[in-house]
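# Close look at the chain arrangement
Single-letter residue listing:
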Amino acid sequence: MKSEHCEQRELVQWFRQTYKDVLIFAIPSGGARSPATAGRLKAEGVVKGIPDLFIPAWETWIEMKRTKGGSLSPEQNLMPLHLRGLFYKVLIAKGFEDAKQQIEELRDEVE
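Okay, so let's go over this structure. In this text, all values refer to a predicted model and were calculated from it rather than measured experimentally. (Residues numbered from 1 in each chain as written. Predicted model: local features only at pLDDT ≥ 70, side-chain atom pairs only at ≥ 80, totals over all residues. Heavy atoms only, no water.)

### Side note on the packing of aromatic side chains
Inspection of the entire model under this criterion finds ten aromatic pairs. When the ring of Phe15 is compared with that of Tyr19, the centres are 4.9 Å apart and the planes differ by 40°; the resulting orientation is tilted. Between Tyr19 and Trp58, the ring centres sit 5.0 Å apart and the planes meet at 85°, which makes this aromatic pair edge-to-face. Of this pair, Tyr19 sits in the loop between α1 (4-18) and β1 (25-26) while Trp58 sits in the loop between β2 (53-55) and β3 (60-65), placing them 39 residues apart in sequence. This pair shows no difference in class: Tyr19 is buried, exactly as Trp58 is. An aromatic cluster is built from Trp14, Phe15, Tyr19, Trp58 and Phe96, whose rings are joined through pairwise contacts. (Phe/Tyr/Trp six-rings, centres within 6.5 Å; stacked < 30°, edge-to-face > 60°. Helix = DSSP H or I, 4+ residues; strand = E, 2+ residues; numbered from the N terminus. Buried < 20%, exposed > 50% of the residue type's maximum accessible area, 1.4 Å probe, protein only.)

### A word on the side chain of Arg107
Its place among the elements puts Arg107 in helix α4 (residues 96-110). Using a relative accessible area of 14% as the deciding quantity, one classes Arg107 as buried. Leave out the neighbours within four places in its chain, and Arg107 touches Tyr19 and Trp58. (Contact = heavy atoms within 4.5 Å.)

### Describing unusual backbone geometry
The backbone phi angle of Glu59 is positive, close to 50°, even though this residue is not glycine. Looking at the element boundaries, Glu59 is found in the loop between β2 and β3. The phi dihedral of Phe87 falls on the positive side, at around 75°, and the residue is not glycine.

### Here we look at the pairing of strand β4 (residues 89-94)
Within a regular strand, side chains alternate between the sheet's two faces. Bridging between β3 and β4 involves six bridges; their strand directions are parallel. By the bridge assignment for β4, Thr60 is matched with Lys89. The parallel pair β3 and β4, bridged by helix α3 (residues 74-85), forms a crossover whose chirality is right-handed. (Pairing = 2+ DSSP bridges. Right-handed = clockwise from strand over helix to strand, strands pointing away.)

### Things to note about the environment of Glu109
By secondary structure assignment, the location of Glu109 is in helix α4. Distance from Glu109 to Pro56, taken between C-alpha atoms, is 17 Å for residues 53 residues apart in sequence.

### So, empty space enclosed by the protein
A full pass over the atoms with the stated rule returns one cavity of 30 Å³ or more. Here the largest cavity defines a volume of roughly 40 Å³. Every residue along the wall of the largest cavity is listed here: Gly49, Pro51, Glu63, Leu72, Gln76, Met79, Pro80 and Ile92. Broken down by element, the residue count for the lining of the largest cavity peaks at three residues, all from α3. Of the residues contributing to the lining of the largest cavity, the split by class is five nonpolar, two polar and one charged. (1 Å grid on protein atoms, 1.4 Å probe; cavity = no way out; pocket = protein on both sides within 12 Å on 5 of 7 lines; lining within 4 Å. Points joined across faces, edges and corners; volume = space filled by probe spheres on them. Nonpolar A, V, L, I, M, F, W, Y, C, P; charged D, E, K, R; others polar.)

Next comes the structure, spelled out in structure tokens:
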């Protein structure tokens, strides 16, 4: 089974090849860190629960999880409600294929 990292890397690669003129970028707010690094990042503005990826032109956030076994933290459950309240789109994807399908459906709705 692929890790969340591998699923997200595959999605970003596909997205950048498919939508060459549309910016997608990662929000590196997760992962194991030392307490000192975590404290520095928090002071710099890192917030728990922020989705993994952002597509500014589409006002769309994407939270990636592994195909099997990935679950949302309490903060990741609340953040989509907040972001949708600000009129952003939020996709919660179980792996690359699910994310790809949701992105394609989103593009079909907009076009």
